[in-house]
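Residues per chain are reported as follows:
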Amino acid sequence: MNAQNQKKQKKAFSKPQSISITTTALLCAIAVLLQYAEVPLPFMTAFIKLDFSDLPELIGAFVCGPLAGVLIALIKNIFHLIASGSGAVGELSNFLLGAVFVFSAGMIYKKMPNFKGVIIGGIAGAVLMGIASLPLNNFIIYPLYYSVIGFPKEAILDMYRVIRPSTGSIPEALLVFNVPFTIVKGLISVAVTAAVYKPLEKLISRMK
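Residues numbered from 1 in each chain as written. Predicted model: local features only at pLDDT ≥ 70, side-chain atom pairs only at ≥ 80, totals over all residues. Heavy atoms only, no water.

1. Notes on the overall build of the protein
Argument step 1. Summing up its helical and strand segments, the protein has eight helices and two strands in all.
Argument step 2. In sequence order, the protein lays out its α and β elements as α-β-β-α-α-α-α-α-α-α.
Argument step 3. For the protein, the spread of C-alpha atoms along the principal axes amounts to about 75 × 35 × 25 Å.
Argument step 4. Every one of the 208 residues in the protein was classed for burial, and the buried ones make up 43%.
Argument step 5. Sequence separation of at least 24 residues holds for 69% of the intrachain contacts in the protein that already meet a minimum separation of 6. (Helix = DSSP H or I, 4+ residues; strand = E, 2+ residues; numbered from the N terminus. Buried < 20%, exposed > 50% of the residue type's maximum accessible area, 1.4 Å probe, protein only. Contact = heavy atoms within 4.5 Å.)

As structure tokens, then:
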């Protein structure tokens, strides 16, 4: 009798786990494709481009849990290294910021698993990602650009000055350009996720 109960329990757990693994793998593939579809923006420097690869990570964090969202961000950036010219610095930045975004959003949604949780968690995650972008870029990512890529600090600052001549320092440039850009980028993913939440809700319920 115990053996039969264990067998039933194993079957009960295997289906949600299988759905979770399949969903995570599918979202990883979509994220990889979206990261390669980068769009340059006229109001940002040439090395900062818009992509929508945070979207599958965010959906993964809501559907499969916060750690799944972080895993998608990691795998996506590992695959992006194949054709990257940033010496892994760009991928590190994308992973760290994406992890902050989807983990915080996913944790809030875990406590509030409904449409309201998607909105509150998503907005909070986007804002936290924007805030985190300032110290992460200033103390980790940009210094790596200077040392690993050999991109002079003044050259990067000059790129910002083309857009805003009065820019006086890298921290100022990050605050004026990168922080708002990062928040808006996150909010776009939140808006799309909110728009498709109804069908996602069915998938989430199947995994419980």
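2. Side note on the side chain of Ser 93
Argument step 1. The topology assignment puts Ser 93 in helix α4 (residues 89-111).
Argument step 2. If we skip the residues at most four places from it in the chain, Ser 93 touches Asn 137 and Ile 141.

3. A closer look at the packing of aromatic side chains
Argument step 1. Scanning all chains against the criterion turns up five aromatic pairs.
Argument step 2. Pairing Tyr 142 with Tyr 145 gives two aromatic rings, centres 5.9 Å apart and planes at 85°, and the pair type is edge-to-face. With Tyr 142 and Tyr 145 both in helix α5 (residues 115-149) and three residues apart, the pair spans about one turn of that helix.
Argument step 3. With a centroid separation of 5.4 Å and an interplanar angle of 40°, the aromatic rings of Tyr 160 and Phe 177 are classed as tilted. Residue Tyr 160 is located in helix α6 (residues 153-163), and its partner Phe 177 is located in helix α7 (residues 170-195); the two are separated by 17 residues in the primary sequence. The pair Tyr 160 / Phe 177 is uniform in exposure class, with both members buried.
Argument step 4. Through a chain of ring-to-ring contacts, three or more aromatic side chains come together here, namely Phe 62, Tyr 109, Phe 115 and Tyr 197. (Phe/Tyr/Trp six-rings, centres within 6.5 Å; stacked < 30°, edge-to-face > 60°.)

4. Observations concerning the nonpolar core
Argument step 1. In this structure, Leu 58, Ile 59, Phe 62, Val 63, Phe 101, Val 102 and Tyr 109 are the most contacted members of the largest nonpolar core, which totals 28 residues.
Argument step 2. Those elements that place two or more of their residues in this core are α1 (2-36), α2 (54-63), α3 (66-80), α4, α5 and α8 (197-206).
Argument step 3. Counting 16 residues, the second largest nonpolar core, distinct from the first, contains Met 44, Val 89, Ile 156 and Leu 157. (Core = buried A, V, L, I, M, F, W, Y, C linked by side-chain atoms within 4.5 Å.)

5. Digging into the environment of Gly 69
Argument step 1. Residue position: Gly 69 is located in helix α3.
Argument step 2. The class for Gly 69 is buried, based on a relative accessible area of 0%.
Argument step 3. Put simply, Gly 69 and Phe 103 are 34 residues apart on the chain and 6.7 Å apart in space, counted from C-alpha to C-alpha.
Argument step 4. Each residue touching Gly 69, except ones within four places of it in the same chain, is listed here: Glu 57, Gly 60, Ala 61 and Val 102.

6. A short note on the packing of α2 against α4
Argument step 1. At their nearest, the axes of α2 and α4 sit 8 Å apart, and the two run at 30° to each other. On the basis of the axis angle, α2 is roughly parallel to α4. The chirality of how α2 crosses α4 is right-handed. From α2, Asp 54, Glu 57, Leu 58, Ala 61 and Phe 62 reach across to α4, where they touch Asn 94, Gly 98, Phe 101, Val 102, Ala 105, Gly 106 and Tyr 109.
Argument step 2. Split by residue class, the contact of α2 with α4 holds seven nonpolar, three polar and two charged. (Axes fitted to C-alpha atoms, helices over the stretch in contact; angles between N-to-C directions. Parallel < 35°, antiparallel > 145°, perpendicular 65-115°, else oblique. Left-handed = near helix turned anticlockwise from the far one by under 90°. Nonpolar A, V, L, I, M, F, W, Y, C, P; charged D, E, K, R; others polar.)

7. As for the pattern of salt bridges
Argument step 1. Under the definition given, this model contains eight salt bridges.
Argument step 2. Asp 158 is paired through a salt bridge with Arg 161; the nearest N and O atoms lie 3.5 Å apart. Remark: Arg 161 and Asp 158 occur in helix α6; sequence separation between them is three residues, near one turn of the helix.
Argument step 3. Among the residues examined, Asp 158 registers a relative accessible area of 38% and is labelled partly exposed.
Argument step 4. Arg 161 sits in the partly exposed class, given a relative accessible area of 26%.
Argument step 5. Between Arg 164 and Glu 172 there is a salt bridge, with its nearest N and O atoms 2.6 Å apart.
Argument step 6. Owing to a relative accessible area of 27%, Arg 164 belongs among the partly exposed residues under this scheme.
Argument step 7. Three or more residues are tied together by salt bridges with common partners; here these are Asp 51, Asp 54, Glu 57, Lys 76 and Lys 185. (Salt bridge = Lys/Arg side-chain N within 4 Å of Asp/Glu carboxyl O.)

8. Quick word on the environment of Thr 23
Argument step 1. Within the element layout of this structure, Thr 23 appears in helix α1.
Argument step 2. Classification of Thr 23 by relative accessible area gives buried; the value is 13%.
Argument step 3. Considered as a pair, Thr 23 and Leu 174 are 151 residues apart in the sequence and their alpha carbons are 35 Å apart.
Argument step 4. Not counting residues up to four positions away in its chain, the partners in contact with Thr 23 are Val 63, Cys 64 and Leu 203.

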